[in-house]
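# Coordinates in review
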Amino acid sequence: MSRIFHKVSERCRYFNWTSLSNWGRNKFHFLLRKSRITSYPQFVIVEPCNSCNLRCPLCPTGQRVPVERGSMNMETFTRIVDQLSPNVRYMSLYYLGEPLLCEHLSEMIRYAHQYKVRVFVSTNLNILDNKKAEELIRSKLDYIIVSLDGASQESYEKYRIGGDFHKVISNIRFLIKKKNEEKSLYPRIVIQPVVFKHNETEIPKIKSLAKDLGVDMTIRQGTLGGAGQSPPIMKDAKLIEQWLSQDEDYHKEYNYLNGKPYLKDEACYYLWKGITVNWDGSVFPCCWLYENKYSLGNILEQDFKTIWNNEMYVSSRSLFARRRSTFLKTRGSLPETICYKCKIFRHNLNDQ
């Protein structure tokens, strides 16, 4: 009963007519596959910083892929929120870095909440002190997703290189203790294991651990990433053999086992419904990209409306036009973006 009450209270907390109207228009534009749209994205991914304290082997940040590192300042963040609100409904304050390394994180959360934006953070939770815990709780962060890929130090550190399993568990308990002291429901804590070959047998144990801690749990399938893997998503037989589970149940979104390109018979919803903004203001069409050469604009150089319907976004959306003739009319007159090379979706250039 309390869970139902919490859901209802959250809906009331974030309800506003503008975002509801935008949701309807956005859904309509997506269904029609319009290349120029007047609706805003429903969610935004914002990268507070692209540095990390761990060295996860399938993450470009963990691999220390040579890209410029930095943290987003509040001026850039407020520019993003001011231009997207009150239309956007959800914000993920994490991307390819560890958000708890960002000194402005709690300030960002509070600022987004002023515009009734629900905020999520994903962290390895290896770094947490009393001050940071209090800031997260008092900011009323909605959800904190804790990456916990094992039920022991031995299995956990195989992927979260440099991480301390026992410290993560201790930090979860500490955050729960501080929540109780503050008499706060927030943040909701969710354990999220990424399923790999070495930890798939431990998923039941991680579920039991989450239950014992009194937190929720979601499962995320293992995917290839980092240098040479995205974009576009490429097949690497050695990496697949080394890391990925052979269980089909853990390949529901991207099937690496069927020997075919990772094609979906649908449109890329990101191009209509979401936007990713890097720490330096670079705008990406999805969450698979991390090099600025693939950006579709920069929010510090142009306003959001201009970027959202610029030639590169229009060209990317036109790939998924319902009629091939519509795409052929524009092909050649618009620039080819990284979306033309994406192997996830089946579209006019990628149909086999």
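Look up a bit, the structure's there.
Below is a summary of the structure that appears in this document. (Residues numbered from 1 in each chain as written. Predicted model: local features only at pLDDT ≥ 70, side-chain atom pairs only at ≥ 80, totals over all residues. Heavy atoms only, no water.)

### Some thoughts on the nonpolar core
In terms of nonpolar packing, the biggest core is built from 99 residues, with F77, M91, L93 and I172 touching the most fellow members. Setting aside residues up to four positions removed in sequence, L93 forms contacts with V46, P48, F77, P99, L105, M108, I109, V119, F120 and V121. (Core = buried A, V, L, I, M, F, W, Y, C linked by side-chain atoms within 4.5 Å. Buried < 20%, exposed > 50% of the residue type's maximum accessible area, 1.4 Å probe, protein only. Contact = heavy atoms within 4.5 Å.)

### Details of unusual backbone geometry
Cis rather than trans, the peptide bond between S85 and P86 has omega equal to 0°. For P86, the location among the structural elements is in the loop between α3 (74-84) and β2 (90-92). The amide bond that connects Y186 to the next residue, P187, takes the cis arrangement and shows omega of 0°. Structurally, P187 is set in the loop between α7 (165-182) and β5 (188-192). For K116, which is not glycine, the phi torsion reads 60° and is therefore positive. Turning to its location among the elements, K116 is positioned in the loop between α4 (105-113) and β3 (118-123). Even without a glycine there, the phi angle at K140 is positive, about 60°. Mapping K140 onto the fold places it in the loop between α5 (130-138) and β4 (143-147). Judged by its relative accessible area of 41%, K140 is partly exposed. (Helix = DSSP H or I, 4+ residues; strand = E, 2+ residues; numbered from the N terminus.)

### Brief notes about the packing of aromatic side chains
Evaluated as defined, the whole model comprises 17 aromatic pairs. Centre to centre, the rings of Y90 and F120 are 6.3 Å apart; their planes meet at 50°, and the pair counts as tilted. Taken together, the residues span a long stretch of sequence, with Y90 in strand β2 and F120 in strand β3 at a distance of 30 residues. With centroids separated by 5.2 Å and ring planes inclined at 5°, the aromatic side chains of F120 and Y143 adopt a geometry described as stacked. Placement of the pair is F120 in strand β3 and Y143 in strand β4, with a sequence separation of 23 residues. Put simply, the rings of F30, W272, F320 and F345 touch in pairs and so form one group of aromatic residues. (Phe/Tyr/Trp six-rings, centres within 6.5 Å; stacked < 30°, edge-to-face > 60°.)

### What to know about the pairing of β5
Counting buried residues in β5 gives five out of five residues, a clear majority hidden from the surface. On β5, burial covers both faces: R188, V190 and Q192 on one face and I189 and I191 on the other are all buried. Where β4 meets β5, five bridges bridge the pair, whose relative direction is parallel. Its bridge partner being in β5, I144 is matched across the sheet by I189. Two strands pair when backbone bridges link them, and β5 and strand β7 (residues 216-217) are joined in this way by two bridges, in the parallel orientation. Each bridged residue has a counterpart across the sheet, and for V190 the counterpart in β7 is D216. (Pairing = 2+ DSSP bridges.)

### Observations concerning empty space enclosed by the protein
Per the stated rule, a full pass over the model turns up one cavity of 30 Å³ or more. E47, N50, P60, T61, V67, R69, Y95, L96, N278 and Y290 are the residues that line the largest cavity. Across the lining of the largest cavity, the residue classes break down as five nonpolar, three polar and two charged. (1 Å grid on protein atoms, 1.4 Å probe; cavity = no way out; pocket = protein on both sides within 12 Å on 5 of 7 lines; lining within 4 Å. Points joined across faces, edges and corners; volume = space filled by probe spheres on them. Nonpolar A, V, L, I, M, F, W, Y, C, P; charged D, E, K, R; others polar.)

### With respect to the packing of α5 against α7
Contact pair α5 / α7: the axes reach a minimum separation of 10 Å and the direction vectors enclose 55°. Taken together, the axis directions place α5 and α7 in an arrangement best described as oblique. Pair α5 / α7 crosses with right-handed handedness. Mapping the contact onto sequence places N130, A133, E134, I137 and R138 in α5 and F174, L175, K178, K179 and E182 in α7. (Axes fitted to C-alpha atoms, helices over the stretch in contact; angles between N-to-C directions. Parallel < 35°, antiparallel > 145°, perpendicular 65-115°, else oblique. Left-handed = near helix turned anticlockwise from the far one by under 90°.)

### Here we look at the pattern of salt bridges
Counted according to the given criterion, the structure contains nine salt bridges. For K177, the salt bridge goes to E181, with nearest N and O atoms at 2.7 Å. In this pair, K177 and E181 are both assigned in helix α7, four residues apart and thus about one turn of the helix distant. Residue K177 is classed as partly exposed on the basis of its relative accessible area of 45%. A salt bridge links K197 to E241, with the shortest nitrogen-to-oxygen separation between them at 3.3 Å. Of this pair, K197 sits in the loop between β6 (194-195) and α8 (203-213) while E241 sits in helix α9 (residues 237-243), and the two are 44 residues apart along the sequence. The network of salt bridges with shared partners includes E134, R138, K177, K178, E181 and E182. (Salt bridge = Lys/Arg side-chain N within 4 Å of Asp/Glu carboxyl O.)

### Observations regarding the environment of V194
If you trace the backbone, V194 turns up in strand β6. Between the alpha carbons of V194 and Y159 there is a distance of 9.4 Å; along the sequence they are 35 residues apart. V194 has contacts with D149, R160, N199, R220, Q221 and G222, leaving out every residue within four places of it along the chain.

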